[in-house]
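Each chain is listed here by its residues.
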Amino acid sequence: MVKHPQILARDMVHTLTNFQGSGKDIVCTGVPIKLSETPGEAKMVFARTGENTDEVLAGIGYSAAQIEQFHKVGIV
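Everything in this summary refers to the structure shown in the same document. (Residues numbered from 1 in each chain as written. Predicted model: local features only at pLDDT ≥ 70, side-chain atom pairs only at ≥ 80, totals over all residues. Heavy atoms only, no water.)

Details of the overall build of the chain
Basically, it comes down to this: A helix here means a DSSP run of H or I that spans at least four residues, while a strand means a run of E at least two residues long, and both kinds are numbered starting from the N terminus. Here the radius of gyration uses the C-alpha set of atoms, whereas the globule reference equals 2.2 Å times the residue count to the power 0.38. By definition, residues are in contact when any of their heavy atoms lie within 4.5 Å. Accessible surface area values rest on a Shrake-Rupley calculation with a 1.4 Å probe, where residue burial reflects the displayed protein chains alone. Asp and Glu count as negative and Lys and Arg as positive, but His and the ends of the chain are not part of the count. Just so you know, the charge point we use is NZ for Lys, CZ for Arg, CG for Asp and CD for Glu.
Looking only at helices and strands, one finds three helices and two strands in the chain. Each helix (α) and strand (β) of the chain, taken in turn from the N terminus, gives the series α-β-β-α-α. A compact globule built from 76 residues would reach a C-alpha radius of gyration of about 11 Å, whereas the chain, at 19 Å, exceeds it by more than 25%. Once the C-alpha set of the chain is aligned to its principal axes, its extents read approximately 50 × 30 × 20 Å. Here the analysis covers contacts within the chain between residues at least 6 apart in sequence; of these, 15% occur between residues at least 24 apart. Accessible surface, the chain: about 6300 Å² in total, of which carbon and sulfur atoms supply 55%. With 7 positive and 8 negative side-chain charges, the chain shows a spacing of 7 Å between the two charge centroids.

Concerning a nonpolar patch on the surface
Note the following rule: Without a salt bridge and with relative accessible area above 30%, a residue can belong to a patch; like charges are then joined within 9 Å and nonpolar side chains (Val, Leu, Ile, Met, Phe, Trp, Tyr) within 5 Å. Here, a salt bridge means any side-chain nitrogen of Lys or Arg that lies within 4 Å of a carboxyl oxygen of Asp or Glu.
A contiguous nonpolar surface patch, about 290 Å² in accessible area, is contributed by M1, V2 and V27. With respect to the secondary-structure elements, M1 resides in the segment before helix 1 (5–9).

Describing unusual backbone geometry
Applied cut-off: Here the term buried applies to any residue with accessible area under 20% of the maximum for its type, exposed to any over 50%, and partly exposed to those in between, with areas from a 1.4 Å probe on protein chains only.
A positive phi angle is found at D11, which is not glycine, with a value near 50 degrees. Within the secondary structure, D11 is located in the loop between helix 1 and strand 1 (13–16). D11 sits in the partly exposed class, given a relative accessible area of 47%. The residue N18 is not glycine, and still its phi comes out positive at about 50 degrees. Given a relative accessible area of 43%, N18 falls into the partly exposed group.

Listed below in structure tokens is the structure:
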């Protein structure tokens, strides 16, 4: 699908080469709705590795003390 001429002509996908120095390319969707007077913009902003770890762990039920212990022993 990402190589279909119509998809490419409408900038429906964007390829990020060597994503964050990983050596891998990833394909992301672009702006699906095209408006001539107010065009959208795809912003490729991603969290850094580990940036949201504490929030994710808290969100799935770990206490602050448990998360702190994970840091102390090198789990995260």
